[in-house]
Amino acid sequence: DTAVSQTPKYLVTQMGNDKSIKCEQNLGHDTMYWYKQDSKKFLKIMFSYNNKELIINETVPNRFSPKSPDKAHLNLHINSLELGDSAVYFCASSQETGEAFFGQGTRLTVV
Amino acid sequence: AQSVSQHNHHVILSEAASLELGCNYSYGGTVNLFWYVQYPGQHLQLLLKYFSGDPLVKGIKGFEAEFIKSKFSFNLRKPSVQWSDTAEYFCAAVSGNTGKLIFGQGTTLQVKP
């Protein structure tokens, strides 16, 4: 049983398109995150939700919009995709201690 | 600002060599510390964690880390690396005040057979 699952695993799309990545966790955690991993492997936090409430919103273009319909789901919608958005996006959920469990990642390629 | 820094960006070792990867954090107050590993093409997995108590923590696959509060450090060690340890290693920290899990820049470990 996958703890944190995100779909799709791969996403290839053209510049200017709008796309969504979905994430679900079955661990009962209250906190969920989106991270962006660039080509140099650096992990940058984008957003964090706690029990459906946005608590962390880093300096991210407003083309990126997270949505949490319930505490087990955190989706990421991206408008007007740009070449620089190409990266691996990881969803994670965590306990109160901060110990995070990660999804498999979504490799987004914008062409 | 809260930050985590890893000193070694790329480490190359031969099998059976000892490993130490440096990690420093800049947080005030209570902090929880983690090391994660990312094998090629995979997601991040927890190696070990420190919340409180014994500053020497043991994790999976023979890894251990030592929390030194006075040095704001949480270095990762392994006495004898294997080829299968080739991966990216990330140090991370979260403060009780912010709940934000911040990662260091990562260290690429390459173990030669």
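Going by the structure above, here's the rest.
Now for a quick tour of the structure.

Conventions we followed
Residues numbered from 1 in each chain as written. Chains lettered and ligands numbered in written order. Predicted model: local features only at pLDDT ≥ 70, side-chain atom pairs only at ≥ 80, totals over all residues. Heavy atoms only, no water. Helix = DSSP H or I, 4+ residues; strand = E, 2+ residues; numbered from the N terminus. Rg over C-alpha atoms; globule rule 2.2 N^0.38 Å. Buried < 20%, exposed > 50% of the residue type's maximum accessible area, 1.4 Å probe, protein only. Contact = heavy atoms within 4.5 Å. Lys, Arg positive; Asp, Glu negative; His and termini not counted. Charge placed at Lys NZ, Arg CZ, Asp CG, Glu CD. Salt bridge = Lys/Arg side-chain N within 4 Å of Asp/Glu carboxyl O. Phe/Tyr/Trp six-rings, centres within 6.5 Å; stacked < 30°, edge-to-face > 60°. Pairing = 2+ DSSP bridges. Axes fitted to C-alpha atoms, helices over the stretch in contact; angles between N-to-C directions.

**Description of the overall build of chain A**
Next up, step 1: Counting its regular elements, chain A contains zero helices and 11 strands.
Next up, step 2: Taken from N to C terminus, the helices and strands of chain A fall in the order β-β-β-β-β-β-β-β-β-β-β.
Next up, step 3: Whereas a compact globule of 111 residues would reach a radius of gyration of roughly 13 Å, chain A reaches 13 Å, a difference of no more than 12%.
Next up, step 4: With respect to the three principal axes, the spread of C-alpha positions in chain A is 40 × 25 × 25 Å.
Next up, step 5: The buried share of chain A, reckoned over its 111 residues, is 43%.
Next up, step 6: By sequence separation, contacts in chain A at least 24 residues apart represent 51% of the contacts at least 6 residues apart.
Next up, step 7: Side-chain charges of chain A comprise 12 positive and 12 negative groups, with the mean position of each set lying 8 Å from the other.

**Re the pattern of salt bridges**
As a working rule, side chains carrying opposite charge can pair if their charged atoms are close by.
Next up, step 1: For the structure shown, the criterion picks out nine salt bridges over all chains.
Next up, step 2: Its salt-bridge partner being Glu58 of chain A, residue Lys100 of chain B comes within 2.9 Å of it at the nearest N-O pair. In this pair, Lys100 of chain B is assigned in the loop between strand E10 (87-95) and strand E11 (101-103) and Glu58 of chain A in the loop between strand E6 (53-57) and strand E7 (64-70), connecting two distinct chains.
Next up, step 3: By relative accessible area, Lys100 of chain B is classed as buried at 19%.
Next up, step 4: Linking Lys49 of chain B and Glu99 of chain A is a salt bridge whose minimum nitrogen-to-oxygen distance equals 2.7 Å. Residue Lys49 of chain B is located in strand E6 (residues 44-50), and its partner Glu99 of chain A is located in the loop between strand E9 (87-94) and strand E10 (100-102); the two belong to separate chains.
Next up, step 5: Glu99 of chain A gets classed as buried once you look at its relative accessible area, which sits at 7%.
Next up, step 6: Residues joined in a network through salt bridges with shared partners are Lys58, Glu64, Glu66 and Arg77 of chain B.

**A look at the packing of aromatic side chains**
Next up, step 1: Applying the stated criterion across every chain, the model contains 16 aromatic pairs over all chains.
Next up, step 2: On the numbers, 5.6 Å between centres and 70° between planes, the contact of Tyr25 of chain B with Phe72 of chain B is edge-to-face. In this pair, Tyr25 of chain B is assigned in strand E4 (residues 23-26) and Phe72 of chain B in the loop between strand E8 (64-68) and strand E9 (73-78), connecting sequence segments 47 residues apart.
Next up, step 3: An aromatic cluster is defined as three or more aromatic residues linked by ring pairs; in this entry it consists of Tyr33, Tyr35, Phe90 and Phe102 of chain A together with Phe34, Tyr36, Phe51, Phe90 and Phe103 of chain B.

**Here we look at the sheet that holds E7 of chain A**
Residue and element names in this part refer to chain A.
Next up, step 1: With antiparallel pairing, the four strands of this open sheet are ordered in space as E1-E3-E8-E7. Where the open sheet ends on each side, the last strands, each with one partner, are strand E1 (4-7) and E7. Averaged over all pairs of adjacent strands, the angle between their axes in this sheet comes to 15°, without regard to strand direction.
Next up, step 2: By the bridge criterion, five bridges tie E7 to strand E8 (residues 73-78) in an arrangement that is antiparallel. Bridging from a neighbouring strand, Phe64 pairs with Ile78 of E8.

**Notes on the environment of Ala100 of chain A**
Next up, step 1: By the secondary structure assignment, Ala100 of chain A is in strand E10.
Next up, step 2: With a relative accessible area of 3%, Ala100 of chain A lands in the buried category.
Next up, step 3: Residues Ala100 of chain A and His29 of chain A lie 71 residues apart in sequence; the distance between their C-alpha atoms is 9.5 Å.
Next up, step 4: Ala100 of chain A has contacts with Ala92, Ser93 and Ser94 of chain A together with Tyr36 and Leu101 of chain B, leaving out every residue within four places of it along the chain.

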